[in-house]
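# Coordinate inspection notes
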Amino acid sequence: MLFGLIVACEVAFWVLLGAGLAVRYLLRRRRLGGLLLLAVPLVDLVLLVASVADLRDGGRAEFTHGLAAAYLGFTVAFGHDMVRWADVRFAHRYAGGPPPDRRKRYGRERARYEWRAWGKGMIGWAVACGLLLAGVVVIGDLGRGAALLEWAGRLTFALVVWLVFWPLACTVFPTRAPLDSRPPLDARESHHDRAPQSTGEQN
């Protein structure tokens, strides 16, 4: 049941997001569109309440309880970015907004980007682990809450792998931008046309 609720919350997230953007840019009702976008976090609140209520019934924590905590944590960390990502593209397509930034990053810029992304991942990890530990407290029994502690271990391992293979790797082994291509042929010819000419006859 809880897994189905997680799926439903994910669907509701995108439905509310799409509805808010459509009302804002297609119907030109910015205030109503903003209210729909503000309702997006309520989806997470529903999942949180349902998870706590399920644990307080005296049952054993299961895989889906940990999954719900992870989903909530990383939605808190990356939800705003997802809304902004969709908003920029919707505005560009339907409201004449600026195009989204699709440029590739190299060197220090790429490293800074990866560190910022990992930092947000750490926020998601902290929120998720806080919810997992709170779940153990609600249950009041480490044995019945073992699945939640296992999820904390999984998330910690994932964050370490992310750290090693992305921010650290991009810092120690920075990627280089591809070499610039040679100037076009007509540009080279125009350069030769500007070569100095003789201005007089020799005696």
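Residues numbered from 1 in each chain as written. Predicted model: local features only at pLDDT ≥ 70, side-chain atom pairs only at ≥ 80, totals over all residues. Heavy atoms only, no water.

### Describing the side chain of Asp-87
Its location among the elements puts Asp-87 in helix α4 (residues 63-94). Each residue touching Asp-87, except ones within four places of it in the same chain, is listed here: Leu-21, Arg-24 and Tyr-25. (Helix = DSSP H or I, 4+ residues; strand = E, 2+ residues; numbered from the N terminus. Contact = heavy atoms within 4.5 Å.)

### Concerning the environment of Arg-103
Following the sequence through the fold, Arg-103 ends up in the loop between α4 and α5 (107-139). A polar contact is formed between the side chain of Arg-103 and the side chain of Asp-101, at a distance of 3.0 Å. At 2.3 Å, the side chain of Arg-103 and the side chain of Glu-109 are in polar contact. (Polar contact = N/O pair within 3.5 Å; in protein donor to acceptor, adjacent residues only side chain to side chain.)

### Topic: the confidence of the model for the chain
In the predicted model, the chain carries a mean pLDDT of 88, and 88% of its residues have values of at least 70. Per-element confidence in the chain ranges from a low mean pLDDT of 46 for helix α7 (residues 185-193) to a high of 97 for helix α6 (residues 146-172). Note that residues 185-203 has pLDDT below 50 and, in this model, 2 contacts with residues that lie over four places away or in other chains. (pLDDT = per-residue confidence, 0-100.)

### Concerning α4
The sharpest bend along α4 comes to roughly 50°, located at Phe-78. Looking one or two residues beyond α4, the residue adopting positive phi is Gly-96, at roughly 70°. (Bend = angle between axes of the 7 residues up to and from the residue.)

### Re a nonpolar patch on the surface
The grouping of Leu-42, Leu-45, Leu-48, Val-49, Val-52 and Val-138 at the surface amounts to a nonpolar patch, some 460 Å² of accessible area in total. Considering every element that reaches the nonpolar patch, the biggest residue donor is helix α3 (residues 40-56), with 5 residues. In this structure, Leu-42 sits in helix α3. Overall, the relative accessible area of 49% leaves Leu-42 in the partly exposed class. (Patch = residues over 30% accessible without salt bridge, like charges linked within 9 Å, V, L, I, M, F, W, Y side chains within 5 Å. Areas by Shrake-Rupley, 256 points an atom, 1.4 Å probe, with all protein chains shown as cover. Salt bridge = Lys/Arg side-chain N within 4 Å of Asp/Glu carboxyl O. Buried < 20%, exposed > 50% of the residue type's maximum accessible area, 1.4 Å probe, protein only.)

### Focus on the packing of α3 against α4
The N-to-C vectors of α3 and α4 enclose an angle of 155°; their axes lie 10 Å apart at closest approach. The angle between the axes of α3 and α4 places the two elements in the roughly antiparallel class. Considering how the two elements wind past one another, α3 and α4 form a crossing that is left-handed. In contact with Asp-44, Leu-47, Leu-48, Ser-51, Asp-54 and Leu-55 of α3, α4 contributes His-65, Ala-68, Tyr-71, Leu-72 and Thr-75. Counted by class, the contact of α3 with α4 contains 6 nonpolar, 3 polar and 2 charged residues. (Axes fitted to C-alpha atoms, helices over the stretch in contact; angles between N-to-C directions. Parallel < 35°, antiparallel > 145°, perpendicular 65-115°, else oblique. Left-handed = near helix turned anticlockwise from the far one by under 90°. Nonpolar A, V, L, I, M, F, W, Y, C, P; charged D, E, K, R; others polar.)

### Details of the packing of aromatic side chains
Inspection of the entire model under this criterion finds 8 aromatic pairs. Here Phe-78 and Trp-162 contribute two aromatic rings whose centre-to-centre distance is 6.4 Å and whose plane-to-plane angle is 25°, an arrangement assigned as stacked. A residue pair is termed long-range when its members are at least 10 positions apart, and Phe-78 in helix α4 and Trp-162 in helix α6 qualify at 84 residues. Since its relative accessible area comes to 21%, Trp-162 is described here as partly exposed. Pairwise contacts between aromatic rings join Tyr-25, Phe-90 and Tyr-94 into one cluster. Residue placement shows Arg-154 over the ring face of Trp-151; its charged tip is 5.3 Å from the ring centre. (Phe/Tyr/Trp six-rings, centres within 6.5 Å; stacked < 30°, edge-to-face > 60°. Lys NZ or Arg CZ within 6 Å of the ring centre and 35° of its normal.)

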